[in-house]
Amino acid sequence: PGIVMLSPKDIPAEVKSPFDFKVQFEPRGGVKIDPASVKVTYLKFPYIDLTDRLKPGISENGIDFPKANVPSGEHSVRINVKDVDGRESSLVVTLVAIK
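Residues numbered from 1 in each chain as written. Predicted model: local features only at pLDDT ≥ 70, side-chain atom pairs only at ≥ 80, totals over all residues. Heavy atoms only, no water.

A. Quick look at the pattern of salt bridges. Applying the stated criterion across every chain, the model contains three salt bridges. With a shortest N-O distance of 3.5 Å, Arg28 and Glu26 are connected by a salt bridge. For Arg28, a relative accessible area of 44% gives the class partly exposed. One continuous salt-bridge network, built from bridges that share partners, spans Asp83, Asp85 and Arg87. (Salt bridge = Lys/Arg side-chain N within 4 Å of Asp/Glu carboxyl O. Buried < 20%, exposed > 50% of the residue type's maximum accessible area, 1.4 Å probe, protein only.)

Written out as structure tokens, the structure is:
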């Protein structure tokens, strides 16, 4: 499956917190996305699983999390998704939050 950042559009992105975090999942070959497979990980040691925090905004179409509030600084997250056939894709997104 494909993963496309919709908001913020340009990655790496400089964003003012809070901001809308929107991701679109693109099924391939007519195979549906498995929304239960979506995992979002904050890439700072130790890694932090953000999936439960974003769960209300996760669907087979993507992630729609309005008004994401993050502290100032550079933040990288990895988004993993699988389709119902088990094929997996991931995308690393780096954001620079400014106040």
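Past the structure itself, the notes keep going.
B. Molecular detail of the side chain of Thr51. Of note, Thr51 is situated in helix H1 (residues 51-54). Sequence-distant contacts of Thr51, that is, excluding residues within four places in its chain, are made with Val38, Lys39, Val40 and Ile58. (Helix = DSSP H or I, 4+ residues; strand = E, 2+ residues; numbered from the N terminus. Contact = heavy atoms within 4.5 Å.)

C. View of the pairing of strand S3 (residues 19-26). Only one face of S3 is buried: it carries Phe19, Phe21, Val23 and Phe25, and the other face, with Asp20, Lys22, Gln24 and Glu26, is open. In terms of strand pairing, strand S1 (residues 2-7) meets S3 through five bridges, oriented antiparallel. Its bridge partner being in S3, Ile3 is matched across the sheet by Phe25. As paired strands, S3 and strand S7 (residues 62-68) are joined by five bridges and run antiparallel to one another. Considered in S7, the bridge of Lys22 is made with Asp64. (Pairing = 2+ DSSP bridges.)

D. Representation of the sheet that holds strand S8 (residues 73-83) within the structure. Read from one edge of the open sheet, five strands run S2-S9-S8-S4-S5, paired in mixed fashion. Looking at which strands have only one partner, the edges of the open sheet turn out to be strand S2 (13-16) and strand S5 (48-49). In this structure, strand S4 (residues 33-42) lies alongside S5, joined through two bridges in antiparallel fashion. For Tyr42, the partnering residue across the bridge sits in S5 and is Ile48.

E. Summary view of the sheet that holds strand S6 (residues 58-59). If you trace the four strands from one edge of the open sheet to the other, you get S1-S3-S7-S6, paired in antiparallel fashion. Of all strands in the sheet, those bounded by a partner on one side alone are S1 and S6. The pairing of S6 with S7 spans two bridges and is antiparallel. Note that in S7 the partner of Ile58 across the bridge is Ile63.

F. Region of the structure containing the environment of Asp85. Locating Asp85 in the fold gives a position in the loop between S8 and strand S9 (88-98). C-alpha separation for the pair Asp85 and Leu6, spaced 79 residues apart in sequence, amounts to 25 Å.

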